[in-house]
Structures are given as structure tokens and as C-alpha cells.
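Inside the fold
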Amino acid sequence: MKLRLFLVFVIIYITAVFGWWLYSFITYTEKEYQLEYNNLKLNAMVIHNKLTEFIEFNKSEKNEAPYQTYKNRKAEIETLHGNLNRSYHTNTKLSLNDTAGNLHTLLNLQIEPSEFKAIHRNFVKKQRAFYSEVIFFTILVISGVVWVFSKLESLLNLNKMQNNFLLSVTHELKTPLTAIKLSSQTLQQRKTDEEIRQTLIQQIVNNSDRLNELLDNVLLATRIDGKSYSYNMVKTDITALIKKTAEMVLSEPYYSGRFTFDEKSREIILDEVSLRLVFSNLFQNAVKYAGRNADLSVRYGENDGKFSISVSDNGKGIDPKEYKSIFNKFYRVGDENTRESKGTGLGLFLVRQILKSHNASIKAESNLPHGTTFIITFKSLNYE
Ligand code: ADP
């Protein structure tokens, strides 16, 4: 949250800096345009004065009327005008009125309208260039900053999730270990009757299985994540696989809910070991988050040549804001210190990775009125 607030400040700062640059550039071009405009007019005045001086000089030298000077020296005046234009970088038009008398009516200097237009065109061009450059760089810099911040945020989240993972794995390892130790110590210290002995031994076996499963899951996750797991794709009856997995998961003594599934047999090309892990994770989650009376159902669907399997439960459901994140590595809803349920946050990540390798996707939806539905969609026609 703090990082986002900081990002907003950075974006505002960048926009202000670029905005200020744009303002300065535009003011500068306006001033430059005004300067060129004034310069043109000024140079025209200088040319006018020089020509006037020339005529005045000849008038006083030769004692002739200005009009006479002009008539006698027309070619000279025009050449002089041309030269003055060149040396003052102007393009003025000279009209020489042939009415006698006043010098000013004799010389009429006009600035070519095309010159004003050229200056103005140049001004508009510069303005456009500044607008597009500044806008382009603002967008570029802001996108770069947003990208860096999002990477930083995901790194920080990953770090937090890894810490959560360590906490939960330690907890997951400690609980069965403590149970095994307690059962073993009881067996060691007390003389118990055969029935209690058997229960204690069964508890040791169950907890060892739990430990084993946890370590298997972590190892498999590492192999699947590191792409070193090789999938053994074989045509398999998915209905039988689902039934077998459900039986294993739901055989836990504390589960007393209902399990319904699509009994239509369906063959898909899949890797049995990993797909069993997919369904055992989904079923275990359903039981874990829906409680002992979890109502679990598996349905098939077909649309546009795609085959889908939905797994629904009647549990507490998931906040729609979390639908995407729950598939991230180590992600668990809530905080590790306050969370009641056990887990590592690896389950749904593994599920998604395995399904990806089967060219299938998974998404979470709400199962009205309560609970969650996970929909698996096989995109290619690798089923019959
Ligand atoms: P874990 O169960 O080990 O925490 P998962 O990757 O299996 O990790 O699940 C990620 C999170 O998604 C869980 O922490 C849980 O909050 C939520 N979740 C998964 N399945 C369900 C479900 N069926 N009902 C409610 N919440 C669920």
C-alpha cells in the first residue's frame, strides 16, 4: 500500500517535471517566434532607411529632386535593395511610386507575406515537435517507473510469501512429528491394552504418511517448477481417477459430507501421477475450507470442442479479488499469524502448473449460494 502511494507521488512528480519542461519549451518557441517577427520588421526598416539615405545623399550631392534621383538611378536602387535584402536576411518588396514629390511615397517597402507565413509555419512545427516529444518521453518514463515498481512489488510479495511458506512448512512438519513423538513415548512408558496400542500405532503410521505426503508434494513442486518432471502421458479414464482420488481424500475419519460426481466414463491423454495430485489438492482444499460437512461435486461439460471439469464445494468461498492470486506460488489468503487452516500455499500453484502441461487451464468461480467452483478446461482435443 505504501509502495503504491509512493508510486503515485513519483508519477505526479514526473508529470509535473515534464509539464514544466513543456511549458518552458512552448514559452521559448513563442518568444523565438516573436523575436523573428520583430527582426524581420526591423531589418525592413533598416533597408528602408538605407535606401532613403542613398536617395537623400544623391539629392544633396547632385542638387536634384528625389524623384529625379530615383528615375536616374532606378537600376542602382534596385540592385542596392537586392543586396540589402541579402545581407539583412530579409525578403522585402520594393514599390517605387512614380508620383513626384515626397520621398516616402517614392519608396514603399513591403515585407513578403510568404515570409511571415514561413516564420509562423516554423513556429507551429516546433510547438508540435515539443508537444509530441514531451508527451512521448513522459509516457515512456512513467511506463518504465510503473514497470520497475510492479517488479519491486512482486519481489516484495514473493519474499513475504516465502516467509509465510517457511512458517507454514515448519508448522506442518512439527505437528505430525509432535504427534509421533507423543504416541511413541506413550507406547514406551506405559503398559497399555492392545486396543489403545493399535490406535497409537495407527496414529504414528497416519502422521508418518502425512509427513511423507508433505515432503513428496514439496519435492514434486520443485521438480515441476524446475521443469525436471517428465510427464507420462497415457490415455486414462478420468472418471476412475477422480473416484479413486476422492476415496483416498474422503476416507479421513473427520469427513462426513457428500460427494457426487459425473459417473460417465471419459478417456483423456494425461499423466496419472500428477493429475491425481491435481484432484487430491482440490478435494483436500474443499474439505479443509468447507469443514466436515463439505458437499463436494464434480461435473463435466463440453463447449466448442473443449472439455471441462468443475469441482464445487459449499465452503466459505473465496473473495473474487483473490481468484487470480490463489494460483501463485506460496500464496495463501490472509496472514500466516492469524490464519487458522494449515497449508503451504503450494497446492493450487502446482495444480495450475500441472494443468498447463496438459494444455488445460483452471479458474475459480463462486458457487452460489456458498462455496467455490474450480473449472478445469482442456483446450485441445486430447480426449475422447
Ligand atoms: P493452501 O491450501 O496450502 O493454503 P493452496 O494453494 O491450495 O494453498 O490454496 C491457496 C489459498 O486458496 C488457500 O490459502 C485458501 O485461502 C484458498 N482456497 C483454496 N481452495 C479453497 C476452497 N475450496 N475454498 C476456500 N478457499 C480456498
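Overview of the structure.

1. A word on the packing of helix α1 (residues 2–62) against helix α3 (residues 74–87)
For any two helices packed against each other, the geometry is given by the interaxial angle and the distance between the axes. Their axes nearest at 10 Å, the elements α1 and α3 cross at an angle of 150°. With respect to each other, α1 and α3 are oriented roughly antiparallel. You can see that α1 and α3 cross each other, and the crossing is right-handed. The residues of α3 that touch α1, namely those facing Ile47, Lys50, Leu51, Phe54 and Ile55, are Glu76, Ile77, Leu80, His81, Leu84 and Asn85.

2. A look at the site of the ligand
Taken together, 18 residues are adjacent to the ligand, and Tyr289, Asp313, Arg332, Thr344 and Leu348 come closest. With respect to the ligand, the side chain of asparagine 285 contributes an N or O atom lying 2.9 Å from an oxygen atom. One of the backbone N or O atoms of glycine 347 is found 3.4 Å from an oxygen atom in the ligand. When the ligand sits alone it has 530 Å² of accessible area, and the protein chains cover 96% of it. Listed by contribution, the elements that provide at least two residues to the shell around the ligand are α8 (272–290), α9 (347–357) and β9 (372–378). The dominant element in the shell around the ligand, judged by the number of residues it contributes, is α8, at four residues. Grouping the amino acids of the shell around the ligand by side-chain chemistry returns eight nonpolar, seven polar and three charged.

3. So, α9
Across the eleven residues of α9, eight count as buried, placing the element largely inside the fold. Restricting attention to buried positions, one finds in α9 the residues Gly347, Leu348, Phe349, Leu350, Val351, Gln353, Ile354 and Leu355. Its buried side turned inward, α9 meets α6 (194–225), α8, β8 (360–366) and β9. Positive backbone phi, approximately 55°, marks asparagine 359, located one or two places after α9.

4. Side note on the nonpolar core
Ile238, Leu275, Val278, Phe279, Phe283, Ile309 and Ile376 are the most contacted members of the largest nonpolar core, which totals 50 residues. Residue contributions to this core peak at nine residues, all from α8. With sequence-adjacent residues up to four places away left out, phenylalanine 279 is seen in contact with Ile238, Leu241, Ile242, Thr245, Ile309, Val311 and Ile376. Residues Leu51, Ile55, Leu96 and Leu107 belong to the second largest nonpolar core, which totals twelve residues.

5. Things to note about the environment of leucine 270
On the secondary structure map, leucine 270 appears in strand β5 (residues 267–271). Linking leucine 270 and asparagine 359, residues 89 residues apart in sequence, is a C-alpha distance of 10 Å. With near-sequence residues (within four places) excluded, leucine 270 lies in contact with Asn232, Met233, Val234, Thr236, Ile238, Leu241, Leu275 and His358.

6. Considerations on the side chain of serine 312
In this structure, serine 312 sits in strand β7 (residues 306–312). Under the relative-accessibility criterion, serine 312 is labelled buried at 2%. Here arginine 299 takes part through its side chain, which lies 3.4 Å from a polar atom of the side chain of serine 312. A distance of 3.0 Å separates a polar atom in the side chain of serine 312 from a polar atom in the side chain of threonine 373. Setting aside chain neighbours within four positions, we find serine 312 in contact with Asp295, Leu296, Ser297, Arg299, Asn367, Thr372 and Thr373.

7. Some words on α6
For α6, with 32 residues, the first-to-last C-alpha span of 46 Å sits near the 46 Å given by 1.5 Å per residue. Of all the residues in α6, the buried ones are Leu200, Ile204, Asn207, Leu211, Leu214, Asn217, Leu220, Ala221 and Ile224. If you follow the buried residues of α6, they end up packed against α5 (113–189), α8 and α9. Positive backbone phi, at 60°, marks lysine 227, one or two positions downstream of α6.

8. A word on the pairing of β7
Counting buried positions over the seven residues of β7 gives six, a clear majority of the element. Relative to β7, strand β6 (residues 295–303) runs antiparallel, the two sharing seven bridges. Bridge assignment links arginine 299 to a residue of β7, and that residue is serine 310.

Reading the values: rules and limits
Residues numbered from 1 in each chain as written. Predicted model: local features only at pLDDT ≥ 70, side-chain atom pairs only at ≥ 80, totals over all residues. Heavy atoms only, no water. Axes fitted to C-alpha atoms, helices over the stretch in contact; angles between N-to-C directions. Helix = DSSP H or I, 4+ residues; strand = E, 2+ residues; numbered from the N terminus. Parallel < 35°, antiparallel > 145°, perpendicular 65-115°, else oblique. Left-handed = near helix turned anticlockwise from the far one by under 90°. Contact = heavy atoms within 4.5 Å. Near = heavy atom within 4 Å. Polar contact = N/O pair within 3.5 Å; in protein donor to acceptor, adjacent residues only side chain to side chain. Areas by Shrake-Rupley, 256 points an atom, 1.4 Å probe, with all protein chains shown as cover. Nonpolar A, V, L, I, M, F, W, Y, C, P; charged D, E, K, R; others polar. Buried < 20%, exposed > 50% of the residue type's maximum accessible area, 1.4 Å probe, protein only. Core = buried A, V, L, I, M, F, W, Y, C linked by side-chain atoms within 4.5 Å. Expected span 1.5 Å × (residues − 1). Pairing = 2+ DSSP bridges.

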